[in-house]
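Structural description and commentary
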Amino acid sequence: MPEATEDARRTTSRLQNSRALTTLARVGFGMNGVLHILIGVIALRVAFGGGGEADQGGALGELASRPGGQALLWVIVVGLWALGVFQILEAALVRGSDKEDWAERVKEGGKGVAYLAVGFTAFTFARGGSSDSSDQTESLSARLLATPGGVVLLVVLALAIVAIGGYFVVKGARQRFREDLVVPSGSAGRVTVAFGVVGYVAKGIALIVVGVLFGVAAVQADPDEASGLDGALKALAELPFGTAVLTAVAVGLIAFGLYSFVRARRARL
């Protein structure tokens, strides 16, 4: 049995390290960057009174309506699915059975599932369909609230999202993202680090607000309060100095997108 396990691990490692998968995974990082830039641009528009859905569905919908956007959507699908598979294989290759090892598995596997999910949304748009991320989030909340113990489940989900957001903020503030890529030297490296810090912190803040809205939905038993990333960013606009706050977060999401372009080229895979 141990020999069979090692054979399976070697096979998994060969697949993960294959040139085709690592190349497509890098494409996935770049396409993730495209989506974050588009979300940031839409959020900027919202901050100054414009319209749009500042989430993955809104970004993909804008792409689908642009010349050449349909072709780029297929690139996004392939890239994100490849990146999702890469992360799931990464989770499978984690050794050990301590709590830290399982936490690492969950983290890598969770990222993989997230990339696959966004890739599936892109697949819907690439085939000519559409998807409203806010409606899907509200529908999920409604289903949870309708189940026995649904309020508790929604609170747990809210806390998990807040924790993920906090992880992003800490990763950005402490520059832990430097471990994920070979940072360029000189001024290019300084700019990359600045993009990483601003981008991770902004994305973390956005996720924390998403989690808070899930918590509000649980407390008020109202799934309409859980409106996903778009609702979270628009909620920021309603705060005191909301335009400035949302503008800062939007610029941060664009910075995360630019950082992702660098990561596509220089990620440690």
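Residues numbered from 1 in each chain as written. Predicted model: local features only at pLDDT ≥ 70, side-chain atom pairs only at ≥ 80, totals over all residues. Heavy atoms only, no water.

Describing the pattern of salt bridges
Using the following cut-off: A carboxyl oxygen of Asp or Glu within 4 Å of a side-chain nitrogen of Lys or Arg is what we treat as a salt bridge. Elements are defined by DSSP. Helices are runs of H or I of four residues or more, strands are runs of E of two residues or more, and each kind is numbered from the N terminus. Relative accessibility decides the category of a residue: with a 1.4 Å probe and only protein chains considered, values under 20% of the type maximum give buried, values over 50% give exposed, and everything between is partly exposed.
Applying the stated criterion to the full structure yields seven salt bridges. A salt bridge links Glu 53 to Lys 234, with the shortest nitrogen-to-oxygen separation between them at 3.8 Å. Taken as a pair, Glu 53 in the loop between helix H2 (19-47) and helix H3 (56-64) and Lys 234 in helix H9 (residues 228-237) lie far apart in primary sequence, 181 residues in all. Classification of Glu 53 as partly exposed rests on a relative accessible area of 33%. The partner of Asp 180 in a salt bridge is Arg 263, and the shortest N-O contact between them spans 3.9 Å.

As for H2
The criterion, for reference: Helix span is expected to be 1.5 Å times the residue number reduced by one.
The terminal C-alpha atoms of H2, which comprises 29 residues, lie 42 Å apart, in line with the 42 Å expected from a rise of 1.5 Å per residue. The first or second residue beyond H2 is Gly 49, which carries a positive phi of 90°.

Here we look at the environment of Gly 242
Rules: In this analysis, two residues are considered to be in contact whenever any of their non-hydrogen atoms come within 4.5 Å of each other.
Tracing the backbone shows Gly 242 in helix H10 (residues 242-266). Sequence-wise, Gly 242 and Ala 47 are 195 residues apart; in three dimensions their C-alpha atoms are separated by 7.8 Å. The contact partners of Gly 242, leaving out residues within four places of it in the chain, are Leu 236 and Ala 237.

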